[in-house]
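Summary of the model geometry
The chain contents come next:
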Amino acid sequence: MSKQLVVHLDRNSVRFQRLVDGQVEQDFLFHFTDKTDFGYKDQLDAFLLKTDFRTMDWDEYSLSWFSEKSTLLPYNLFGITDTTKAFQLSFGTRVDENDIDFNRIPEYTVVNLFEIPLWVKSFFISRFPRMTIQHAGSHAIRGVFTKGAFGLKLLILPFKEHFMLMAVKNNDLQFYNIFDCQSHEDILYHTAHLVQQLNLKGEKGKCILCNSIEDMDLVEPLSKVWNKIDLLKSIELTEEKQLLTEYQTLCV
């Protein structure tokens, strides 16, 4: 019997999942009210006290962290590039240098540079010493290729104030970015623009909408207008709620 602890985390909320033989047996969602470094830690400690997760015998545990500040760097440039300067080129200098981290994804020739506060690592590594921490985008990239990426596939991961949009075609990563999001209309706009930008109009494919941390309930409003948009009607919209959890377990 395999027991895995899967954590999805951003600045707004956290989801803890207990997987037994790959199936979700327990699921806890918590929304943060005090969004300071000490506040996050206090709330997480209080939350963990309500469960026996810290004392359980886990085979594996991992954490998927989401920050809207995430950019991909070609792998062949990574070793000769100042990662801090590369990150600041995309997002400016307001991010603390100590909060810049990266995930190597050599099998797909990219490195994901992203922002992650120091409290995330200090909290989880001290309580789960073998915890693997990666950006949600890194999990998504690895996962979408691991499950096969022939043909055209779009991936939408909605968060509270942002959404991640990816496009892969014939085992090649065509697009990766994170956008501000106030409603489903923002998702429709950026997805349609992506199809136009990549000259994919009329090409058959699949667009997968999956929950990230919270249940966003976006399938119904998106489905009502998806096929009415000329740029999107050849792409099938589907939902896979636990896909990011599945991707995360593939990357442990």
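Above this note sits the structure.
Report on the accompanying structure. (Residues numbered from 1 in each chain as written. Predicted model: local features only at pLDDT ≥ 70, side-chain atom pairs only at ≥ 80, totals over all residues. Heavy atoms only, no water.)

1. A look at the nonpolar core
- Within the largest apolar cluster, 26 residues are counted, with the highest numbers of intra-cluster contacts made by Leu-9, Phe-16, Leu-63 and Phe-124.
- Taken together, the elements giving at least two residues each to this core come down to β1 (3–9), β2 (13–20), α1 (37–49), β4 (60–65) and α4 (118–127).
- If near-sequence neighbours (up to four positions away) are discounted, Phe-124 is found in contact with Val-7, Leu-9, Phe-16, Leu-44, Leu-63, Pro-129 and Met-131.
- Core analysis: the second largest hydrophobic core is formed by 23 residues, Cys-181, Ala-192, Leu-218 and Ile-235 among them. (Core = buried A, V, L, I, M, F, W, Y, C linked by side-chain atoms within 4.5 Å. Buried < 20%, exposed > 50% of the residue type's maximum accessible area, 1.4 Å probe, protein only. Helix = DSSP H or I, 4+ residues; strand = E, 2+ residues; numbered from the N terminus. Contact = heavy atoms within 4.5 Å.)

2. Here we look at the sheet that holds strand β11 (residues 172–180)
- The five strands are arranged β11-β10-β9-β12-β13 in an open sheet whose pairing can be described as mixed. Looking along the sheet, the strands with just one partner apiece sit at the ends: β11 and β13 (235–239). Averaged over all pairs of adjacent strands, the angle between strand axes in this sheet comes to 15°, irrespective of strand direction.
- In terms of strand pairing, strand β12 (residues 205–209) meets β13 through five bridges, oriented parallel. In the strand pairing of β13, Gly-205 is matched with Ile-235.
- Running over the sheet, helix α7 (residues 219–226) touches β12 and β13 and is turned about 165° from β13. (Pairing = 2+ DSSP bridges. Axes fitted to C-alpha atoms, helices over the stretch in contact; angles between N-to-C directions.)

3. Looking at the pattern of salt bridges
- Under the criterion given, the structure shown has ten salt bridges.
- Where Glu-68 meets Lys-69, a salt bridge forms, and the shortest distance between an N and an O atom there is 3.6 Å.
- Residue classification places Glu-68 among the partly exposed residues on the basis of a relative accessible area of 26%.
- We classify Lys-69 as partly exposed; its relative accessible area is 22%.
- Where Glu-220 meets Lys-224, a salt bridge forms, and the shortest distance between an N and an O atom there is 3.6 Å. Highlighted residues: Glu-220 and Lys-224, both in helix α7, separated by four residues, approximately one helical turn. When sorted by exposure, Glu-220 lands in the same class as Lys-224, which is exposed. (Salt bridge = Lys/Arg side-chain N within 4 Å of Asp/Glu carboxyl O.)

4. Re the sheet that holds strand β3 (residues 23–31)
- Within the open sheet, the five strands sit side by side as β3-β2-β1-β4-β8. Their pairing is mixed. Whereas interior strands pair on both sides, the edge strands pair on one side only; in this sheet they are β3 and β8 (132–135). For this sheet the average axis-to-axis angle between neighbouring strands, irrespective of direction, equals 15°.
- In terms of strand pairing, β4 meets β8 through four bridges, oriented parallel. Paired with Ser-64 across the bridge in β8 is Gln-134.
- Running over the sheet, helix α8 (residues 243–250) touches β1, β2 and β4 and is turned about 120° from β1.

5. So, the side chain of Asp-99
- Among the structural elements, Asp-99 can be located in the loop between α3 (83–91) and β6 (100–105).
- Buried within the structure, Asp-99 lacks any salt-bridge partner; its nearest side chain of opposite charge belongs to Arg-11, at an N-O separation of 6.1 Å.
- Within the structure, the side chain of Asp-99 is placed 3.3 Å from the backbone nitrogen of Leu-118, a separation counted as a polar contact.
- Apart from the residues within four sequence positions on either side, Asp-99 is in contact with Phe-114, Glu-115, Ile-116, Pro-117 and Leu-118. (Lys, Arg positive; Asp, Glu negative; His and termini not counted. Polar contact = N/O pair within 3.5 Å; in protein donor to acceptor, adjacent residues only side chain to side chain.)

6. Looking at helix α6 (residues 184–197)
- Look at α6: 20 Å from first C-alpha to last across 14 residues, which is about the 20 Å you get at 1.5 Å a residue.
- Looking at α6, one finds that the buried residues are Ile-187, Leu-188, Thr-191, Ala-192, Leu-194 and Val-195. Seen along its axis, α6 keeps its buried residues to an arc of 155°; they face one direction. Facing away from the buried surface of α6 by more than 90 degrees, the exposed residues are Glu-185 and Tyr-189.
- Here the buried face of α6 lies against β9 (152–158), β10 (162–169), β11, α7 and β13.
- Positive backbone phi, approximately 55°, marks Asn-199, located one or two places after α6. (Expected span 1.5 Å × (residues − 1). Arc of directions from axis to C-beta.)

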